[in-house]
Every structure is written in C-alpha cells, then in structure tokens.
Amino acid sequence: MIFHHRYNTTGLSLDVGLMRLTDGFIAEMTPRMNSAFEEMQALESGKIANPDENRMVGHYWLRAPRLSHTPQIRSAIEKSVADIRSFAADVRDGRTCPEKTDRFRRIIVVGIGGSALGPQFVSDALADVRAAPIHFFDNTDPDGFDRVFNVIGSELSATLAVIISKSGGTRETHNGMIELRHRYESAGLSFPRHTVAITCEGSALDRRAIDEHWLRRFPIWDWVGGRVSLTSAVGLLPAAIQGIDIDSFLAGAAACDVCTRVPDLRSNPAALLALSWYSAGGGTGRRAMVVLPYKDRLMLFGRYLQQLVMESLGKSHDRSGREVRQGLTVYGNKGSTDQHAYVQQLRDGPDDFFATFLAVLRDRDGRSIEIEPDVTSGDYLHGFLLGTRRALADAGRRSLTITLDEVSPRTVGALIALFERAVGLYASLVNVNAYHQPGVEAGKRAADRVIELQHRLFAALRADPSARRTGIEWAAAIQASDHADDIHYLLCHLSADPARGVVRDPAAPPSADRFGMK
Ligand code: PA5
C-alpha cells in the first residue's frame, strides 16, 4: 500500500504513512468504503441524502454545475456565480457605490456558524493586504459589535454590509443586522443602500431585502448545508469583493472533487483521510484531530474544520435510530506557535489524538533573507514541522501530513473540498447523517425560551415595583419555579446595567440576593 500521494491538479499531497493503516485494516474496511463510495455517488446524483430534513445535498454541484441534478439547478448556480463576478467588479471599480461617497472601502459580514467561519478562513488565508478590510459580526455580543464599530469609525459610510443567513431567521445574525442598521441610520445613512443579502429565497431576510430595496440579493439553496456553503455565494461573494480569484478557488475545489470521486480507497485522498480518522479513533472518535497548519494564513482552518467536522459528525443516533453518541473532536491553531502551548501534552501526555500537519512549500512572495548561512526563517518553520512530526512519531503518536504547494485560491479551494468529502465518507462509515444539525437547532430554540421568561419577569417586576424578591421568589411569582436558576441569572444580568431599571440588594449566598425595580 502506498501511503504518500501527490494530486497534481490540486497542488496538494497527502501522506498517511504515520497513521498505522495496516493491510488487515484496509482489507476489512474495503467493503464498507465501497458502500460509502456508492452512497456518495447517489448523493451527487440528487438522492435525498439528508432524510431528516428531506433535502438533497448538492454542494459538489456548486463547483461543477454540469453535474447538477437538474438543468434548473445548473443554471441557477451558473447565474449566481456570474452575478457575483459582475457585482464584485462593480463594487471594486466604484460603479456600485455607497450613498454618500464614491466607493466601498470596507466590508462587514454579518453571519454565524456556516455563514461566517468559512468566509473568515478564506479571507484570512487569501485576501491581499491592499484589499478592502473585512469585518465580521458573528455573535450577539454588544461589546463585540462596538469593537468592530470602533475600528470602522467614520468609514461606515464607505462600508458594504453583507448579511448572510441561509434560514434568514438566525437570532445572532438578526441582532447584528439590527445593531448595524441602527448605526447607519444614526449616521444619517440609508441601511438598504449599503446592504446585500445572501439567503434562501422566501426567507424572512429575503422578504425584508425585497421590501426595503436592498442593493442586491444572492441565493443559497436548501440543498446546500451551512457548513458546506463556502463554494456558494456565502464564500464567493465576500471573497470576490476582496479581489480573491474565485474562479481558481472553484477550480481547485472541482479538481479535488475529481480526485475524491475515484472509488479506490488506496488513492482517493478523502477516503484515506476518512480511513485514517476511523483507524485512529476506532470508529468512535476516541482520538481527537489536532490541526496544525505551519502557516499563519491557515490559522483559522482549525476553527473552520472544527465546525465542519463536529457539527457534521457529532450525532446522538445513527441513521437507523440506534443511540451511538458519535463525534470527532477537532482543535488546533498553528505551528510552530502551538509547540509553545499544548504540544507538550501531545508528546508526553495521553495518547488521545492524532495530528493533522499542514505544510506549505512556498514560504512567501519574494526572496527571503538568510537568518544564518543557507537558512531562512521559512526553513525554520518547515524544520519545526518536521521536528514535531518526528518527535510525535517517536513517542508513538499518529499523524498525517497534507502539503500545499502554496497558499493560493486553488489550493485552499482544494483543501476545503478534500475535507468536505472526507466528512461525508466518514459519516457513511459510522452510519450517521452528516447533513443535519439537531443540536444547533435546539440551541436556537433554547435561547428563545429564555427571552420569553425575561419578558414575563419584566412584566412582573413592573407590576409590583416596590417588591424586593429573590430569584426563587420571582420565579414563583411568574409560575416558573422550574427555572428559578435561570431567573436568578436573568436578574443578575439585568441589574448589571443601570439603564434596565432593575436593582440588586446583595446577600450571602448570592441566591439570597433580592431584586426589584428602581
Ligand atoms: O452549518 C450550519 O448549518 C449552521 O452552523 C448554520 O450555518 C448556522 O446555524 C447559521 O445558520 P443560518 O445561515 O441559517 O443563519
């Protein structure tokens, strides 16, 4: 078995020689991987591969529209990419300009999860320092909003807002949009004249964008999952506006898809990754994946991958309804920086992980100086990677290495496609639905319940302004004794901001604190 392959069309190579894939394991997994290949083929031909949501899974079509399930899907994808190209060119050349100044000079993306992590990674990896700076609202943290507003400052009038939400109803994104709108309006600017939407047709966000005549709307489709949406408008629009070559990006992803479609587990890079994950974790995710790119530009890859892998594979039940508690933990930042942090434990602590090294052959644009005769700083970076890889192997730890010729739109597109496919194949091996996210949906509903409690609490506080009660007593007063703990924390939060009108008389222990209206 050959463990080290180069995939010329992608600019990537993969070496799984330190993952201990034995011939016996390969033989045992061959029939299962063949079934995974068949499932993948069915998925690509338009079968409902996400049965819980009754949806097709079509992200591979985004970079090869001719393979789409229907001609309508093909033309929708092609039109979207053409629209993105022309809109981005218009923005960059000043033909589409803001209300009160000649050109958009900054971008702010409002989105979360799959609607933010990918664009953040791509922008950090590929944007030129001379490109329009990009900012993100990827939370509902008021202080987080202010930090971004402070950086943008008076350039808000030259800032293009891109609101991204597939569902068009995600609360954090909605709140970010409202805060942003408020800023534009407070500065005497029209929000719609600075804003575009990326969302599913007919969503609440889409309707708002139509009603208010936003600058533009770009589609995402129900057959594209949030975390695999980077090759849709979600990833392409911010990238194109920043001047990133989206055609090369798509071509890299498409080239990788060609390699990962080959139904041969000995050469298909995504199959080799999925088998490596399976072998390291015994098919139950027993070992975590530590992502170590030795390149600052790829630092956000670990965060991006954490969502792609953990939201896709972290499932309580398999596709037959059996409780399985599957998952694959992902963490990591960058080398060699992490060698001065947790790599100590990787070498000397529990054998509960496998490392995924990312090496980049091209050090920088232009020539490097020599730090010492015949040695550059890039030689050190590469040397640290090789040294850590060797040290981990000597300590009996597993690792695999992906080498990129350079960090470019083509290799980054390929890298994303590689992991998207590996996740899909691995999900088949462990028999989970990689394309739904019931835990995320549950989290969204849970916050709504808390806000509903807060409304009831405020009503009770205002109805009895002289009362001073503990959280437990207020919970009883609104018939929410099951949530006394939540009520206590809500009161603590409300009373921390004098503008909310709630006061707190401290006691000991804190659960005996009394609260009421000012
Ligand atoms: O991958 C996913 O499906 C999620 O992480 C979503 O991207 C995230 O919850 C944001 O959803 P939306 O794009 O609908 O606002």
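Residues numbered from 1 in each chain as written. Predicted model: local features only at pLDDT ≥ 70, side-chain atom pairs only at ≥ 80, totals over all residues. Heavy atoms only, no water.

Engineer: Account for the packing of aromatic side chains, with residues named and values stated.
Structural biologist: For the structure shown, the criterion picks out 18 aromatic pairs. Aromatic pair Phe121 and Phe301: ring centres 5.2 Å apart, planes at 45°, arrangement tilted. With Phe121 in helix 3 (residues 117-126) and Phe301 in helix 10 (residues 301-313), this pair connects stretches of sequence that are 180 residues apart. Classification of Phe121 as buried rests on a relative accessible area of 0%. With a centroid separation of 4.5 Å and an interplanar angle of 55°, the aromatic rings of Phe137 and Phe145 are classed as tilted. Classification of Phe137 as buried rests on a relative accessible area of 3%. According to the relative accessible area criterion, Phe145 is buried, its value standing at 2%. Aromatic rings pair up to connect Phe25, Phe121, Trp277, Tyr278, Phe301, Tyr304, Phe419 and Tyr426 into one cluster. Positioned over the ring face of Phe149 is Arg183, at 4.2 Å from the centre of the ring. In this arrangement the basic side chain of Arg421 is found over the ring face of Tyr60, its NZ or CZ atom lying 3.9 Å from the centre. (Phe/Tyr/Trp six-rings, centres within 6.5 Å; stacked < 30°, edge-to-face > 60°. Helix = DSSP H or I, 4+ residues; strand = E, 2+ residues; numbered from the N terminus. Buried < 20%, exposed > 50% of the residue type's maximum accessible area, 1.4 Å probe, protein only. Lys NZ or Arg CZ within 6 Å of the ring centre and 35° of its normal.)

Engineer: I'd like a description of helix 16 (residues 484-495), backed by residues and values.
Structural biologist: Given a rise of 1.5 Å per residue, 12 residues ought to cover 16 Å, and the 16 Å separating the end C-alpha atoms of helix 16 matches this to within 8%. Listing the buried residues of helix 16 in full gives Ala484, Ile487, His488, Leu490, Leu491, Cys492, Leu494 and Ser495. The inward-facing, buried residues of helix 16 contact helix 14 (438-463), helix 15 (471-477), strand 16 (502-505) and strand 17 (514-517). (Expected span 1.5 Å × (residues − 1). Contact = heavy atoms within 4.5 Å.)

Engineer: Got a sec to walk through the sheet that holds strand 14 (residues 353-360)? Specific residues and values, please.
Structural biologist: In space, the six strands of this open sheet follow the order 1-2-15-14-10-13, with mixed pairing throughout. If you trace the sheet from one side to the other, it starts and ends with strand 1 (4-7) and strand 13 (330-331), each paired once. Both strand 14 and strand 15 (residues 398-404) contribute to a ladder of seven bridges, which runs parallel. Considered in strand 15, the bridge of Ala355 is made with Ser399. (Pairing = 2+ DSSP bridges.)

Engineer: Explain the layout of surface pockets to me, using residue names and the numbers behind them.
Structural biologist: In this model, the largest pocket occupies a volume close to 910 Å³. Thr140, Arg171, Asn175, Ala447 and Ile451 are, among the 24 residues lining the largest pocket, the residues nearest its centre. Taken together, the elements giving at least two residues each to the lining of the largest pocket come down to helix 4 (142-152), helix 5 (171-186) and helix 14. Ranked by the residues each element gives to the lining of the largest pocket, the list is headed by helix 14, at 10 residues. Partitioned by chemical class, the residues of the lining of the largest pocket number seven nonpolar, nine polar and eight charged. Volume-wise, the second largest pocket comes out at about 690 Å³. Taken together, 39 residues form the lining of the second largest pocket, with Gly226, Glu311, Gln437, Glu441 and Lys444 sitting closest to its centre. Listing elements by their share of the lining of the second largest pocket, those giving two or more residues are strand 4 (55-56), helix 5, helix 10, helix 13 (409-430) and helix 14. Here the lining of the second largest pocket takes four residues from helix 10, the largest share from any one element. For the lining of the second largest pocket, the class distribution of residues is 14 nonpolar, 15 polar and 10 charged. (1 Å grid on protein atoms, 1.4 Å probe; cavity = no way out; pocket = protein on both sides within 12 Å on 5 of 7 lines; lining within 4 Å. Points joined across faces, edges and corners; volume = space filled by probe spheres on them. Nonpolar A, V, L, I, M, F, W, Y, C, P; charged D, E, K, R; others polar.)

Engineer: Tell me about the site of the ligand, residues and numbers included.
Structural biologist: In the region of the ligand, 15 residues are neighbours, and Ser115, Ser165, Ser167, Thr170 and Gln307 sit closest. One of the side-chain N or O atoms of Ser115 is found 2.7 Å from an oxygen atom in the ligand. The separation between an oxygen atom of the ligand and a polar main-chain atom of Arg227 is 3.0 Å. Most atoms of the ligand, that is more than half of them, are within 2 Å of grid points of the second largest pocket. (Near = heavy atom within 4 Å. Polar contact = N/O pair within 3.5 Å; in protein donor to acceptor, adjacent residues only side chain to side chain. Sits in = over half its atoms within 2 Å of the grid points.)

Engineer: I'd like a rundown of a negative patch on the surface, residues and numbers included.
Structural biologist: On the surface, a cluster of negative charge is contributed by Asp363, Glu370, Asp374 and Asp379. Within the fold, Glu370 resides in the loop between strand 14 and helix 12 (377-394). (Patch = residues over 30% accessible without salt bridge, like charges linked within 9 Å, V, L, I, M, F, W, Y side chains within 5 Å. Areas by Shrake-Rupley, 256 points an atom, 1.4 Å probe, with all protein chains shown as cover. Salt bridge = Lys/Arg side-chain N within 4 Å of Asp/Glu carboxyl O. Lys, Arg positive; Asp, Glu negative; His and termini not counted. Charge placed at Lys NZ, Arg CZ, Asp CG, Glu CD.)

Engineer: Help me get a handle on the packing of helix 3 against helix 10, residues and values and all.
Structural biologist: Helices that pack against each other are described as a pair by the angle of their axes relative to one another and the distance between those axes. Running from amino to carboxyl end, helix 3 crosses helix 10 at an angle of 155°, the nearest separation of the two axes being 9 Å. By the criterion of interaxial angle, the relationship of helix 3 to helix 10 is roughly antiparallel. Considering only the axes of helix 3 and helix 10, their crossing is left-handed. Facing Leu117, Gly118, Gln120 and Phe121 of helix 3, the residues of helix 10 in contact are Phe301, Arg303, Tyr304 and Gln307. Of the residues in the contact of helix 3 with helix 10, the class split is four nonpolar, three polar and one charged. (Axes fitted to C-alpha atoms, helices over the stretch in contact; angles between N-to-C directions. Parallel < 35°, antiparallel > 145°, perpendicular 65-115°, else oblique. Left-handed = near helix turned anticlockwise from the far one by under 90°.)

Engineer: Describe unusual backbone geometry, naming the residues involved and giving the relevant values.
Structural biologist: Residue Gly335 is joined to Ser336 through a cis peptide bond whose omega torsion reads 0°. Inspection of the secondary structure assignment puts Ser336 in the loop between strand 13 and helix 11 (343-348). Here Ala508 and Pro509 are connected by a cis peptide whose omega angle stands at -5°. The backbone of Arg20 sits at a positive phi, close to 60°, despite the residue not being glycine. With respect to the helices, strands and loops of the structure, Arg20 is situated in the loop between strand 2 (12-18) and helix 1 (23-44). Even without glycine at this site, Asp374 takes up a positive phi of about 70°. Relative to the elements of secondary structure, Asp374 occurs in the loop between strand 14 and helix 12.

Engineer: I'd love a proper account of the pairing of strand 12 (residues 323-326), names of residues and values included.
Structural biologist: Note on strand geometry: in a regular strand, side chains alternate between the two faces of the sheet. Summarising the sheet, strand 11 (residues 315-317) and strand 12 pair through two bridges and their orientation is antiparallel. In the strand pairing of strand 12, His317 is matched with Glu323. Linking two consecutive strands that pair antiparallel, namely strand 11 and strand 12, is a turn of five residues; a positive phi of about 90° is found at Gly321 within it.

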